Structure formats: C-alpha cells, structure tokens
Amino acid sequence: MEKEQDKILNEITQGDYKYGFYTNIEMETFPKGLNEDVVRMISAKKKEPEFLLEFRLKAFRHWKKMKMPDWAQLNIPEIDYQNIIYYAAPKKKPELESLDEVDPELRETFDKLGIALDEQKRLTGVAVDAVIDSVSVKTTFKETLAELGIIFSSFSEAVREHPDLVRKYLGSVVPYSDNFFAALNSAVFSDGSFCYIPKGVRCPMELSTYFRINAANTGQFERTLIVADESSYVSYLEGCTAPQRDENQLHAAIVEIIAHESAEVKYSTVQNWYPGDKNGLGGIFNFVTKRGICKGDNSKISWTQVETGSAITWKYPSCILKGNNSSAEFYSVAVTNNHQQADTGTKMIHIGKNTRSLIVSKGISAGNSQNSYRGLVKVLKNADNARNFSQCDSLLLGDKCGAHTFPYIEANNSSSVVEHEATTSKIGEDQIFYCNQRGISTEDAIGLIVNGYTKEVLNKLPMEFAVEAQKLLQISLEGSVG
Amino acid sequence: MLIIKDLHAEIDGKEILKGINLELKAGEVHAIMGPNGSGKSTLASVISGRDLVKVTKGKVIYKGNNLLDMSPEARSHAGIFLGFQYPIEIPGVSIINFMKTALNEHRKARGEDAISPSDFLKLMREKKALVEIDSSLVNRSVNEGFSGGEKKRNEIFQMAMLEPELAILDETDSGLDIDALRTVANGVNKLKTPKNATIVITHYQRLLDYIIPDRVHVLYKGRIVKSSGRELAMELEEKGYDWIKKELAND
Amino acid sequence: MTEVLTYKDNKLDFEDMFRKSEKTNGHVASFLRSFREEAAGSFIKSGLPGQNTTKYKYLDLDGLFSREYYYRFQQEIVHFDINHVFKCDIPNMNTKMQILLNGFYYGGQDSLVELQGGVKCGSMLQAAREMPDIFEKYYSKAVGKANDGLVDMNTALWRDGYFIYVPKNGSPGESLQVVNLVLSERNLFLQPRNMIILEEGAELNLVVCDHALSRKLSLSNSVSEIFVGANAKFDYTVLQNDHNSASQINYNFIDQGRDSRVEGNIISLHGGLIRNNHIVKLSGRGAENYLGGLNLTDGDQYIDNYVFVDHAVPDCYSEQFFKGVLDDKARGVFNGRILVQQDAQKTQAYQKNNNILLTDHARMNSNPQLEIYADDVKCTHGATVGQIDEEAMFYLRSRGIPENEARMMMMYGFAEEIIKKIKIDSLRERIEDFIARRLRGEMTRCENCSLLDR
C-alpha cells in the first residue's frame, strides 16, 4: 500500500509545467543593474510626471538603506540585485489603436495561455489587461466600461490620463518604506493595472489582469491600484505565468486596494509562476506586497488566492479594517511541490468598531517542499466588538515536505474576540480505504479528498477562475494528487 | 400568575413578537406551539430577561410585578425558571458548585441562611432520584461534554432543585429519544403542584402525550393565532401547520 | 564581595562581570571552566537577545536591565535562621523542603542530603564535587547550544542552585519542594543554575515556589536542566506568587527518554515580570509531555510564556494548555512552538492558549506555532482572546446567581481547567483558595511572603 502510494506520489510530482514556453519577440531592455540613473530612465521612458519620479527616487534611496528580511521560514539564495534587468518591453508595443496592431506573436502567446485578447472571442463577463514583462499590451472592453465611468487601464496610461487619482492613492496603502520589496517596487515598477469604480457603480464584469514574464534575466515589478468609491462593487482577478528557465527570476509586485464607504472589492488571484523543475532549479521568486484598506464604514474587502507556482512565495495579502462595521476575508489555497517554498498568509488589522475578519487557509505540501502559513490578527484598543476567526489547515503528502503554522494574535481590546484554529494531518488511510472499497483508485481518492479539502476556498473564486484553479491544483500535484 | 399584554419585541432591529397576549394561572400548564421561526424562543427569552431581545411595547406582569424591570437573577429568585433549548456548556464549573451557589442565592433573596453542606447533599440525592439523573453527571462541569439527553435531564434536575413557580420549558423535547422524553416528562409531572405553573414550548405534539396541557396556543409570525384546549395539539399533529396558515390566509 | 551590575547604552558590561567571576573562581570544579569560557565567548558575540526576534519580541530586556542591581559570587552570610523567617504553611502538605536563598542553596552546603530510595539533593556546587561522574555526564547536555544570550550568561556566571538526583527505579516517597527566597537590603541580580536527574524508571514529584521576601527590586535569570530517563515519571508544579518588584526569567530545559512521562503545571498568580521558557526535547520514543499554565495578571504585570517542544523521534505525545486572565493594564504573551522533525512519525501534539481580557488596557499577544516535517502526524493548535461568554453569564443569572458572582464563577471555572491537573491535593486546594481570593481582589500575595513586612 505504502509502496504504491509512493509510486503514485512520484508520478504525480513529475507533472510538467505547461506554460513553460518562451516567445521569441524583439525586446527592448535596459542594461542589467540598478542605480538612480536606471530609475530616472524608467521614468523618462514612460514620460512620467515629476511627482512620480520623485516618488521613485525617494523609494530607491530608502531601499538602498534596507536589508532583505530573513525572518520567514524560507531559504532564499542570495539575490544579486545588480544582475537583474529592470526594464524589458516588447519592441513593437506602440500605442495600439486596435487589436489588429498587437504583435501576432504576442497574440499567439496569450492565445496559448488561454487568454484571448480578441473581445469577440472572450466570454463577455471578463475584461482583461494583459501585461508582458514590464508593460501592458492590451486592455479589453475599455470602452464598455468607460460608459459607466469605470476606469480600467494599464498603470502607465492611468498616470497619463488620470494623474490626480494616481497621485492621491499611490502609496497610500503600501507606503514605499513598508518593506524591502515594496521599496524596490516603488522605485522601479514598470506597469500594472489601474482601476477606479465611481460612486454607486456595480462593475458589470470581472476585471482581470494577466501577467506574463517572458524575457530572461528580468525582474517583473508591476503595480496594481484599485479604488472603489462609495457604495461601488468590483470583482478583480489576476493570473500569472512565466517561461521555464534555469535561473531564478524576481517578481516583486504591489497591490493596493482602497474601499470607501459601503464599497466592496473582491480580489482573486491564481498564481502560477514557473515553480522551478523537480530538482529545484530555476523558478520565480515571488515577493509580493498586497494590502487593502477598508477605509469607509461598512466597506468590505475579500482576498481569495490559489498559489501553485513560484520557487519561493513570500506574500501576505492584508486588510486594514479602518471603517466601522467593515469586514475582510482571506481565503487561500497554497500548494507546494518538489522544492518549492511558500511563506504566505495574511494580516488583519482591526481599527474600527464592529469590524469582522475571517481567515481560511489551506496548505498542501508535497515532494520536498516547505509550506508555511503566517498571519497576524491585531485588534487595536478602540476596535470595540472586533471579531476574528481563523482556520488554518495543512495537509501533508509524503514525508519529505514540511507544513508550518505561525499565527500572531495581538489583542488590545476587551470586547473583541479572536479565535485561531489549526490542524495538520495527512490524508487518512481510512479515508483512502473507504474510497478504495467503493471502487475508487487511490490516485482518484487523493484527488477527491484534496478537492473536498480546498472546496471552501475554490468556491469563493469566480466561476471561470475556479475551473482553472481546480485544473491547476491537479497539475501541480499531478501524481501526488489525482 | 403571569399576564402578558400586547407584547412587541425585536432582535437586532427586526420585530419578532408582534403583540402577544397571554394569561396563565397557578396550577395551569400551557403549551405554545408553532412552526420554526414563529417567535417561541423569543417569548421565552423575554420572560427570562435575556438582553438580546428588546421589548418595544407591551407589558409582562408576574405576580403583580412588572417583570421587565427585573434582572435575570431577580426573576429567577422570584420563581421563574427557563429550561434552555440549548443548555450552555460551562467548562471548569462543577454542577455541584453551580447548584449550591444558585440555591444559596435563592435562599438569600428570601432572607434565609445558606444551606448546610449535609442538607445540600441530601437535597441533591433526593432530586437526582426524582429526575433519574446519573450520579456521575453532577460531578462534571456544567453541561460540558453532555449528550443532548443528558443536557435536557440536567435542566430538569436544576428545575427540581430550584422549585420554581413558573417553569418555561423551551423545546425540551428536541433531540430526545422516546425513553429520554418519557423520563424528562415524568420529572416535570412529578414537580407539578397546584401552586406552580408551566409553559411548554414545543414544535411537536408528542411531548404533550406525557405533559397534559390545559391550554394550547399556536404562535405564528409573532402572534398567537389560535388558542384552545388540548384537542388543538392533536389537530395540529394530524394536519400540520399549513392548515392554520391557510385558514389565516383565508381570513 | 557585592558587585554592581553595569548596564550602559543598551549593553551589559559582561566582560567585566566575567573577569570578576574568574578571579573568584577558586572553588569551582575545573571541568566547568570550559563550559563557562565557551558560553562567555558566545555571549560576547551575541549579547542580550534583542526584540527583533519572535522569541523575545515583547520582552523589554533593556528596560529590565537598565535598573540598578547588585550581584554576588558567594553566598552572603545571614545571621538568622531562615526557617524562623519563612515557613510554608500549606496544611497537610508533606514535602521535603529545600531553600534557595538569593540563588544559593541554603543550609547543608557541606554535603548532599540523602533521602529515601537513594535520592540525593542539595547544592549544585556540592553535587559537582561529590558526584562528579554523574554531574559531568549530564551537565549542560539539555541546554546544548542554546543560541540564547541569557542562557549563555547563566552558564558563564552561575554560582549555585539546587540539585536533585533520583537513581534508577528510585523515588523519594514524598514530594520535594524547592522554595526560591529573595531577601536582601539591596536590589539583586541572581543567576541560579539547577539540575534534576531522574534515572531510568525513577519517580519524582516536585513543587517549586518563588517568594521574594524583601521589597527591593530583584531580577533572576535562572536555568534548570531536567533529565527524565526511560520509563521515568516526573511531576512538577510551579507556583509563582511574587510582588511587583520581582522579575524573573526562567529556563526549564527538559530532556525526555523512552516512554517517560512529564507533567508540569505553572501557576503564575503574581509577579512584576515573569518570563518562563519551557524547552522540551522528546528524544526517546513513546515519551509524553503535558504542560499546563495559568496566569492571573493585573496592575502593570507582564507574564510571558515561551514553549518549545521538539518532537525529535516517533511516537511521542505532547500537550500544552495555557490560560490567562488579564486585568487592568496587564500584558500577557504566549509564544508556543511545536517542532515535529522529519522522522518523528505518529507524533501527536496539541497546543491551546485561551485568554480573557477584562479591560481595554490589558493586552494579550498569542503566537502558537506548528513546524512540521513529518507527514503522519496529528497536530492542532488553537488560540483565543476574548471575554467572558455572555451566553453562559445569562445561563448562570437565569438560575438566580447575581452578575458579579456569575462572573467570578466563570473566571474560576476558566482557571479550574488548569488547576484540576495539580495532583497534590493540599497544594491544589491551597491554590484554588488563592485563586478564589485573588479573583475577588482580596489577596495579591501568599501570606508568608508578608511576614517580613511587619
């Protein structure tokens, strides 16, 4: 029985990364390395206003004084920040008037990734902003959305067309001094998505950004800024992949969400960066700062993440619950296999009264991987009646992997209730036997059980994404999970 | 003993009771029946003084006093007992300590001295036998790890210990098998005297086979829509609540 | 000679302390020297632990050390019988009592005391002289490479402490009690070092009480090593009931052999600052460790429990259950870490930390951690911070129990879950009584401790 399980585990862990191809397009890249000149060049290249250059330079100067954090349960090889290219863009990417002008190679790339840039071919429910390496190549359904006053564009375009909005909100949730990678991103961020939902508008379709790292030796530093004005609603999706390469590549993004009074933002992400091969060679270092603020009363932010990729993940989508009666949710499935390492979780900072937060985290570790949940729930003194419930479960497949749980609870208010529960277990042999007895193969049984185990989180994803996520889980654990 | 007049009450701003009128005399047993969500438990909460429920209008007079002005413990001292639908688990507090404290508070309220340890143990033994409760249960923490039946039996045991004048049994039959139901009902019947009164809140008629009510009231959407003798319960058992709903719709 | 502790610009003048220590080193067993030097070397490198680590995040060592303290390398001669000053008055508790006075073993320094069953106890220094083979075999083995400045400091500088040895299949027949007394005209800094050895199949019940008798400031940085051999059983209760000027940092390093069983309960009723480190290594298959903790804090008190349980081998069981009630501006910290190593299959580990905050000025930080490298395990942890359950309060009140009394009952019930685990009846009853009175605000300290206040 055990032998057989090992065999299946082995088979599954051989599952290949199917997005590992590389597109041969002509690229414009900066020389390797980072200094003030590079920062200025990026800004000049993008014809940015003065305030943004200032922001970048302040961030860069601050970053130089910072050290890389080493507290997480991660084994991070030394990163040479001077050996990274900080700007890379497809050469032919000019101002696009229509889809026909998109480089056919690029279109094909996105077709292969299952992201059709052609609006006719898309399901009408989703608008896409496609970002390759450092720049956004195409945003779909822009006009449709504009009719409702919704701004959905690449970050660079937003800087050009809505500088006041960008200036008002940029860095307001994640200041450049927040942490090492946030400072780095603030200095060199290339592009990303910007979205603004005006007062009282319910965004009629899912907004989505698709990130793709293509060029070698480049870092990807995108920035997403989502502002939901009073009583508005938006559901936002983010997906990502990268080609298979032997060297590690750095991805250090920032996402900022602002939810005003009674606004609701749902942010879902399926992260599938190249995880490295089965010997741990190559793969993306995914060091991301995501944070939202429930600024107004009765606002709500919900994070849902499915993490299957990256060699190393360092990511804590967080919420500051500032408005009274505001609420936040964090749903996460993190799968690690082979030599992947993930240190992920959330922070919930309760400031307002009657604030609620819910954390549901499901970790699955296989192969030689390490998977950690790290979370902070902080209740400030005036956060009367704040409530938090956290449930963190870990599932271990195989005996060479690790699963860790590090919740931090800081309670400073006597009317608040904070509860944390965590369990770690392997798939029970009795569960597998029960399935076997009903005629289900061990492999299918593991698949079924993992599916059931992650359902609570996958159900929170928008339909189309959920299907993709489920497929992804299967590929990530292929052989170790049905 | 108990007079309820035009009682309106809400929970979290939602009106649940919309004008209840009820009168109960010593020695009587009343049954309150009704479909889920009709406000039965809310009514029990109002009588016992749970602050979750806000009374917006109306009066509840108990033995000539305004009940709504009294704290939950004062109501208990005055003889009101609520058998909880979901008895609360209190880890670390033994039933003995719990009951001794409660009993002595009742005595204090009556101006009596605390009960002596030997008298208390005697009383415990007596009442345990009366409600057929397992001796080992009382050494445990209040309701902690008790089965559904054990919890309900423990409620009746406490009722026996405190000898209330008005007992409200909220869904005491739910989750009980037929044997446990009979034991619980026997306990209630043994405790019945001409001086005390009982309100039985239930969803099903079967408990009323054992505890015979003088009056049966049907609560629906926050109002008592029908009151009659015992035969009403039988009719409900036979026809279900839809019959009443239809009748109301026709009115 | 009484020395002054020098602490300037966030730095302890350790080198000065160590130099002075070496000068007065004449009577210390020579094999200890290499340990001292090694520990001194690593302290000089690391210094005191900083608040930038998870382990010491909330502990303000800087604030603690920047007060004025004195320390000694030799026992101070006292001109009275300590037994006249202090008597443990727990009725019907038959224990063999040993006293540490200001960190030094009191009375009978010339030889170890032999009790029933071949059990020996007495001064650490004397044990090093009298039982060198056994002492050397165990000393510093549980501490190992501590990677902790405070532990290194103790290893480099300790002068005495208590020693208990229970031979193979032996048992003293009655409970032993160790009382840590602090009695001084000056602010004191102490660094006792203790060792408890239970050989295979041995049994021991131990009660440890801390009593600072004088009102002066004191800071104790104590390290205990506890070795529990195969099939041995060790049961201990620690009662921490000190006044607000007393601060203590304790390290208990426990190393457990095959099928051994250790049960410890740490009751912290009072103290200015308490930091307990429970460091457990389960190194024999089938070992079981049960750790309970209760703290009741008010005023400006600070209580910090750090637990690290290392499941190094398969088939072991561990359970940690810590509870806290925090009133006024009290500050509580729980930092629990369970490590399950790769080969430690069939591990069962359970950790729970429940807290009640009574005011908005009280603060609690809870950080239970699971670190698991084996797949066939059952591990859970849970932590809650909240207040008294209002549903339960209503239930009690509906039975006629007044609000205040109900609240008291609830808190008492909350505490009782830990207290009931104490096996020595007389001690448990005394602690129950303490807690009941403590919760009513009638008492803040153990009676005897106020003897000197007359």
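Quick caveat: nothing in here was measured; it's all calculated off a predicted structure.

Enquirer: Is there a simple way to explain the overall build of chain A in this structure?
Expert: For chain A, the count of helices and strands is eleven helices and 24 strands. Taken over 482 residues, chain A has a buried fraction of 64%. Intrachain contacts of chain A at a sequence separation of at least 6 include 84% that bridge at least 24 residues. About 18,000 Å² of surface is accessible on chain A, with carbon and sulfur atoms providing 46% of the total.

Enquirer: In this structure, what is going on with the sheet that holds strand β10 (residues 197-202) of chain B? I would like to understand it.
Expert: As a general point, the strands of a sheet are linked pairwise by backbone hydrogen bonds and lie either parallel or antiparallel. All names here are of chain B. Sheet architecture is open: six strands sit in the order β6-β9-β10-β3-β11-β12, paired in mixed fashion. Each edge of the open sheet is held by one strand with a lone partner, namely β6 (80-83) and β12 (223-228). For this sheet, the mean inter-axis angle between neighbouring strands, taken without regard to orientation, is 20°. By the bridge criterion, four bridges tie β6 to strand β9 (residues 166-170) in an arrangement that is parallel. The partner of isoleucine 80 across the bridge, within β9, is leucine 166.

Enquirer: Quick question: what am I supposed to make of the confidence of the model for chain B here?
Expert: Low pLDDT marks stretches whose predicted atomic positions should not be read closely. All names here are of chain B. Here chain B averages 87 in pLDDT, and 100% of its residues register 70 or above. Within chain B, the element-level pLDDT minimum falls on helix α8 (residues 242-250), averaging 78, and the maximum on strand β1 (residues 2-11), averaging 94. For this predicted complex, the interface confidence comes out at an ipTM of 0.78, alongside a pTM of 0.79.

Enquirer: Teacher, can you tell me more about the pairing of strand β18 (residues 273-282) of chain C here?
Expert: Residues in a regular strand project their side chains so that they alternate between the two faces of the sheet. Residues and elements named next belong to chain C. Most of β18 sits out of view: nine of its ten residues are buried. Strand direction decides the pairing type here: strand β16 (residues 246-256) and β18, joined by ten bridges, are parallel. Note that in β18 the partner of glutamine 256 across the bridge is leucine 282.

Enquirer: Can you help me understand the sheet that holds β1(B) in this one?
Expert: Residue and element names in this part refer to chain B. The strand order across the open sheet built from four strands is β2-β1-β4-β5, with neighbouring strands paired in antiparallel fashion. The outermost strands of the open sheet, each flanked by one partner alone, are β2 (14-24) and β5 (65-66). Direction of pairing for β1 relative to β2: antiparallel, over a ladder of eight bridges. Bridge assignment links leucine 2 to a residue of β2, and that residue is leucine 24.

What counts as what
- Residues numbered from 1 in each chain as written.
- Chains lettered and ligands numbered in written order.
- Predicted model: local features only at pLDDT ≥ 70, side-chain atom pairs only at ≥ 80, totals over all residues.
- Heavy atoms only, no water.
- Helix = DSSP H or I, 4+ residues; strand = E, 2+ residues; numbered from the N terminus.
- Buried < 20%, exposed > 50% of the residue type's maximum accessible area, 1.4 Å probe, protein only.
- Contact = heavy atoms within 4.5 Å.
- Areas by Shrake-Rupley, 256 points an atom, 1.4 Å probe, with all protein chains shown as cover.
- Pairing = 2+ DSSP bridges.
- Axes fitted to C-alpha atoms, helices over the stretch in contact; angles between N-to-C directions.
- pLDDT = per-residue confidence, 0-100.

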